[in-house]
Amino acid sequence: MSSVSQMKENSESSKWLDAHYDPVANLYTFSSCIALADLHGDGENKLVVGDLGTGSCNMKLKVYRGTGLMSENTLLDLPTGLVSFLMDQHEPRTPAIAVASGPFIYVYKNLRPYFKFTLPPLEVNALEQDVWNQAREDMIDPLSLKEMLEGIRDKADVPLSVRSLRFLMLDPQDTEAFVNLHKAQPIQRQTVITCIGTLKKNMADEDAVSCLVIGTESKDVYILDPEAFTILSKMSVPSAPTQMDVTGQFDVEFRITVACRNGNIYILRRDSPKPKYCIELSSHPVGLVRMGKSVVVGCAQETLQGFTQKGKKLWTACLPAPVTTMGVMDLPTRGFQAVLVGLANCEVHLYRDKNLISTIKTPDVVTSICFGRYGREDGTLIMTTKGGGLIVKILKRTAVFDDRDSAPGPPLAQSIRLNIPKKTKLYVDQTMRERENAVAMHRAFQMDLSRLRLAAARAYVKALESSLTPMSSSLSEPLKMNAVVQGLGPSFKLTLNIQNTAACRPVMNLAISFLYDESLYSMKTAFFKIPLLVPGLNYPIDTFVECLSDKGISDIIKVFVLREGKSAPLLTAHINMPVSEGLALN
């Protein structure tokens, strides 16, 4: 078993070259904050990373060339997304870098700050504005202000601003200083960016101008102009978006697939401010990628699911560990596309549809994945780990991925549709006959079913009336009996096991009688009385049967359990006697 697994690991590792591994690169990021771009137009792609730092400080925009750090810029807040895009037609065609951070988008051109876009402010609650105006004019004290803001928070449709929410969290002794500090400033309600993507403007070429697409905490999706950074389109979703995938062109037709915090996935289309389709998941989405015309979603319940562009479920694959990150492996030169899934068990699985075609072992849990052209090498896989490490692998040009599923389970042929033959004329004629005579056929079936039920009921009643069953139907004498025949012949030992199934009442005055062919069998005692039967105990009664025939034939012996003063038996048993092998041998 170990040799087989060793051979499998060797075959998987033979597809990738371990180009670089730095376990102390101090890169803490996610797949949404990593991109590959030719920043200088020299044909060499660089790795651009939005580094989260410690989460409260040391947030930086880092650029790697080869295995070394090329440059870094300090970020003022935590990055939530990073994309590279072409914003104009000017030569040289060098892409810009857009970093989403808080309510801002920082645009870098030639690795220098170029533009800062700010999300439009949201509507302020009128009641909240009025309460703060009263506080500014010292018409109410901080305690009354707090009570009024709590009432507005519980009932108002428009949420409170950050200032009011922070005020409600303060201790009573700190409220007065907070009011004196902020009451003269105007109230603003600002949302933040949760995810970012790019959308081609009017051409599908790789070097075409792209628009920025952003999702916000206020449940809105904005499409921005690539040059003026004005809002071209605004759409709304029922919940705050967390991940998105964008395809198409803004001027022609596009689809924006948005995974939201309520556990659903919504699909937005051109000229529709509301979602066109909705995919309801059984658990929250962890990863979202597009592969061809299908959408692949990694869920929190350790499953990978495929859907069509209209939300129809195609397949489900179970995973051995929770999903940490996902990415697309696209090789246009080979016409190969697959989904990279990082798992919490230090593995990266490569799926094509629901088939597991490769597994990569990693030294640590992978937190971000990016596949594409790095430097001058097309098939480069870049991963960052939970401990801050950087892994770079290069796909060998001789690597071949089989379409068969390497995971244990049902064979691939099980998912292939059967080649069902075309409908014959006989089949069509029979279908037409059944359609035309459906009422008559149903009545005939019901008549036959009723006759079968009547025959079964009559046989059951007859068995009960003649006591032909091995269990008594009488409530006063509830008995159960079975028989066992032992021996090869000509002498047989016949054992009858009789049991009183009543709860607490004994049964007495019973007798047993045997009925048999006297030319074939003889019994020393064919009639005897049964002692008092205590409830729940099994009473074995033995007798011996002698076979008189040497012709190798057998017959049935009937056993009757009788009650004194009654002509009908309480129980009846038919014993199929075996052939006497002793006489046959003699």
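Numbering of residues begins from 1 in every chain and follows the order in which that chain's sequence is written. Residue-level local features of this predicted model are given only where pLDDT is at least 70; pairs of side-chain atoms are given and counted only at 80 or more, and the full residue set underlies all totals for whole chains, interfaces and linings. Only heavy atoms go into the side-chain values, all of them from the structure, while hydrogens and water stay out.

- In the annotation of an unreviewed UniProt entry, the chain is listed under the name BBSome complex member BBS1 and assigned to Salvelinus namaycush.
- UniProt positions are given in the numbering used here, feature names are shortened, and annotations may be inferred rather than shown by experiment. Under Subunit (unreviewed entry), UniProt gives the following word-for-word description of the chain: "Part of BBSome complex, that contains BBS1, BBS2, BBS4, BBS5, BBS7, BBS8/TTC8, BBS9 and BBIP10. Interacts with the C-terminus of RAB3IP. Interacts with CCDC28B and ALDOB. Interacts with PKD1."

## Describing the UniProt feature "domain: Bardet-Biedl syndrome 1 N-terminal" (unreviewed entry) in the chain
Logical step 1: Feature annotation in UniProt assigns "domain: Bardet-Biedl syndrome 1 N-terminal" (unreviewed entry) to the following positions: residues 16-269.
Logical step 2: Taken end to end, residues 16-269 is 16% helix and 41% strand, and its first and last C-alpha atoms sit 39 Å apart. Only runs of H or I of at least four residues qualify as helices and only runs of E of at least two qualify as strands under DSSP, and these elements are numbered from the N terminus.

## Examining the environment of Lys 146
Logical step 1: Looking at the element boundaries, Lys 146 is found in helix H3 (residues 142-155).
Logical step 2: Note: C-alpha distance between Lys 146 and Glu 280 (134 residues apart in sequence) is 39 Å.
Logical step 3: Here, residues are in contact when the closest pair of their heavy atoms is within 4.5 Å. Setting aside chain neighbours within four positions, we find Lys 146 in contact with Phe 167, Leu 168 and Leu 170.

## A few points about the confidence of the model for the chain
Logical step 1: Values of pLDDT, the confidence the predictor places in each residue, fall between 0 and 100. For the chain, the mean per-residue pLDDT works out to 83, and 93% of the residues sit at or above 70.
Logical step 2: Contacts for the low-pLDDT stretch residues 1-8, under 50 throughout, to residues beyond four places or in other chains number 1 contact.

## Notes on the pairing of strand S24 (residues 347-352)
Logical step 1: With respect to burial, S24 is a largely interior element, 5 of its 6 residues being buried.
Logical step 2: Strand pairing is assigned whenever DSSP identifies at least 2 bridges connecting the two strands. Where strand S23 (residues 336-343) and S24 come together, 5 bridges link them in antiparallel fashion. Counterpart to Val 339 in the pairing with S24 is Tyr 351.
Logical step 3: Between the antiparallel neighbours S23 and S24 lie 3 residues, among them Cys 346 with a positive phi of about 65°.
Logical step 4: With 6 bridges connecting them, S24 and strand S25 (residues 355-361) associate as antiparallel partners. Burial status follows relative accessibility: with a 1.4 Å probe on protein chains alone, a residue under 20% of its type maximum counts as buried, one over 50% as exposed, and anything between as partly exposed.

## Topic: the state of the cysteines
Logical step 1: The disulfide definition used here is simple: a pair of cysteine sulfur atoms within 2.5 Å. Inspection of the entire model under this criterion finds 0 disulfides.
Logical step 2: The thiol of Cys 260 is not disulfide-bonded; the next cysteine sulfur, from Cys 195, is found 8.2 Å away.
Logical step 3: Cys 318 supplies the cysteine sulfur nearest to Cys 299, a cysteine that is in no disulfide, at a spacing of 11 Å.
Logical step 4: Owing to a relative accessible area of 0%, Cys 299 belongs among the buried residues under this scheme.

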